[in-house]
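Single-letter residue listing:
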Amino acid sequence: MKRTTRLLAGALTALALTVGLTATTTMTAAAVGTDASPRDYKAYEPGPVRTAYPGMFIDFTGDMAPHPTAANTYKYMGKFCTLGVVGTDAAGRKVGITAGHCNEARLNPDGTRPGQFLNAKREPCEKDTAGCIPYPDYPKHPGANPGVVTNNDHPVFDLNAVAYSAQNNKPLVNPIGWVRFVDEHGLDANGQQNMETKTDYMVIEFAPDVQLSSQVKNKDGNAARQAGGGLFKVNSIYSGAGGAPALPPLSGLLFPATWIENYAARSDRTPNTDSVAVNRGMVTNVNSGLIHSYAAIDHGDSGGPVVMNGTGKWVGISAAQAGFLDYVTTSAKNILDDLNPRGIVGSGFTITNN
């Protein structure tokens with residue numbers, strides 16, 4: 001299956017549908033967060049125990065302080081995404097999985113990065129076009145090279161905690177973890193999202209003091225609920241009769257038990273009445289482990305948890321939009337089939353159930 005969508009910086013026209021088909025959200029060409037960051041929402045005070053959970057809003061800079069130069073307010077904050085699932089690996093390390101394309105574009109040999117310019121709408125633009133200026137203060141943490149990462153040069157932050165610190169003039173927060181593996185196919189040679197890959201994922205190792213939870217939280221720090229009303233937890237892996245990760249069946253419009261639903265951290269923070277946190281819809285196609293459905297996503301929802309409707313059974317992570325009402329999920333089966341045999345951080349993944 002060839003995906004032909006392009007990466008966009010801003011949201012497009014909102015499309016409202018009844019919840020019976022799929023919850024409403026803003027149409028988008030890909031779910032990666034860029035400069036259109038929702039960093040002005042009112043953050044809640046983090047609790048005394050640092051916790052990582054599916055649906056957590058994460059970023060890779062840890063700094064939301066205003067730009068120090070009054071003449072330029074375009075300080076680029078880096079990408080933000082949604083954490084998909086948490087658990088432990090074969091060595092007992094605490095790990096999480098999100099989308100690989102959330103990794104920042106890597107430096108070019110001359111020290112620049114692809115897409116390193118903004119227009120007046122804070123959208124990426126070509127440097128030769130009118131009104132297109134360089135990003136000032138490009139993120140201080142460079143993107144990780146594809147493959148295994150053995151150092152702590154690529155931290156991951158709880159975006160809510162970072163925002164709360166900035167809004168209340170508190171010191172910068174410490175990272176909740178570090179990137180340990182980036183799928184080789186998440187970004188193309190130009191640092192843009194690779195729309196052809198079947199295994200777009202990233203592994204994060206959490207700090208020892210971080211506690212793991214299977215309960216998704218909403219933008220106010222409260223327990224999120226599924227479209228049907230139950231708690232939105234991600235606490236098991238959708239599996240076949242033999243216990244191995246499996247792909248979901250195609251859905252019928254009148255059989256919601258076969259639908260999938262996702263939790264969208266960006267959608268939960270978009271100041272738009274057409275945006276909601278939980279989006280569900282029927283599965284329309286499954287091709288090479290990529291799941292196509294009506295379960296919508298927005299910029300920044302990349303990597304977020306996708307489960308079988310009304311259950312806590314993890315079926316994949318949000319990836320992109322491939323066309324009109326065609327949203328793509330990278331399956332848990334594809335991810336784990338690739339990750340577990342590698343013998344790296346994250347291999348032998350066991351999902352958290354609490």
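Residues numbered from 1 in each chain as written. Predicted model: local features only at pLDDT ≥ 70, side-chain atom pairs only at ≥ 80, totals over all residues. Heavy atoms only, no water.

1. Some remarks on the overall build of the protein chain
Then, number 1: Helices and strands together make up the secondary structure of the protein chain, namely two helices and 23 strands.
Then, number 2: By residue count, 56% of the 354 residues in the protein chain fall in the buried class.
Then, number 3: In the protein chain, once contacts between residues fewer than 6 apart in sequence are set aside, the share between residues at least 24 apart is 69%.
Then, number 4: Accessible surface computed for the protein chain: about 14,200 Å², of which carbon and sulfur atoms make up 53%. (Helix = DSSP H or I, 4+ residues; strand = E, 2+ residues; numbered from the N terminus. Buried < 20%, exposed > 50% of the residue type's maximum accessible area, 1.4 Å probe, protein only. Contact = heavy atoms within 4.5 Å. Areas by Shrake-Rupley, 256 points an atom, 1.4 Å probe, with all protein chains shown as cover.)

2. Things to note about the packing of aromatic side chains
Then, number 1: Considering all chains together, one arrives at four aromatic pairs under this definition.
Then, number 2: For the ring pair Phe57 and Phe80, a centre distance of 5.4 Å and an interplane angle of 90° mean the geometry is edge-to-face. Remark: Phe80 occurs in strand β5 (residues 80-82) and Phe57 occurs in strand β4 (residues 57-59); sequence separation between them is 23 residues.
Then, number 3: Classification of Phe80 as buried rests on a relative accessible area of 0%.
Then, number 4: Ring centres 5.5 Å apart and planes at 40° place the aromatic pair Phe181 and Tyr201 in the tilted group. Placement of the pair is Phe181 in strand β12 (residues 177-182) and Tyr201 in the loop between β12 and β13 (202-206), with a sequence separation of 20 residues.
Then, number 5: Looking at Phe181, the relative accessible area reads 1%, which means it is buried.
Then, number 6: Overall, Tyr201 belongs to the buried group, its relative accessible area being 0%. (Phe/Tyr/Trp six-rings, centres within 6.5 Å; stacked < 30°, edge-to-face > 60°.)

3. Here we look at the pairing of strand β6 (residues 85-88)
Then, number 1: Bridge count for β6 against strand β7 (residues 94-98) is four bridges, and the pairing is antiparallel. Opposite Val85, over in β7, you have Ile97 as the bridge partner.
Then, number 2: Between the end of β6 and the start of β7, which pair antiparallel, lie five residues, with Gly92 showing a positive phi angle near 85°.
Then, number 3: Alignment of β6 against strand β23 (residues 350-351), held across two bridges, turns out to be antiparallel. In the sheet register, Thr88 faces β23, and the bridge partner there is Thr350. (Pairing = 2+ DSSP bridges.)

4. Looking at helix α2 (residues 332-339)
In an α-helix there are 3.6 residues to a turn, and that puts residues three or four apart on one side.
Then, number 1: Within α2 the residues assigned to the buried category are Ala332, Asn334, Ile335, Leu336 and Leu339.
Then, number 2: Packing partners of the buried residues in α2 comprise β7, β13, β15 (236-237), β19 (290-293), β21 (313-323) and β22 (326-331).

5. So, unusual backbone geometry
Then, number 1: Unusually for a residue other than glycine, Ser288 sits at a positive phi of about 55°.
Then, number 2: Within the secondary structure layout, Ser288 lies in the loop between β18 (283-287) and β19.
Then, number 3: You can call Ser288 partly exposed: its relative accessible area is 47%.
Then, number 4: Despite not being glycine, Leu325 shows a phi value in the positive range, around 55°.
Then, number 5: Structurally, Leu325 is set in the loop between β21 and β22.

6. Let's talk about helix α1 (residues 159-167)
Then, number 1: Counting buried positions along α1 yields seven of nine residues, so the element is predominantly enclosed.
Then, number 2: Buried residues belonging to α1 abut β4, β5 and β11 (155-158).
Then, number 3: Count one or two residues on from α1 and you reach Asn169, which has phi positive near 55°.

7. Topic: the pairing of β11
In summary, the side chains of a regular strand alternate between the two faces of the sheet.
Then, number 1: Alternating residues of β11 divide into Pro155 and Phe157 and Val156 and Asp158, and every residue in both groups is buried.
Then, number 2: In terms of strand pairing, β11 meets β12 through two bridges, oriented antiparallel. Paired with Val156 across the bridge in β12 is Gly177.

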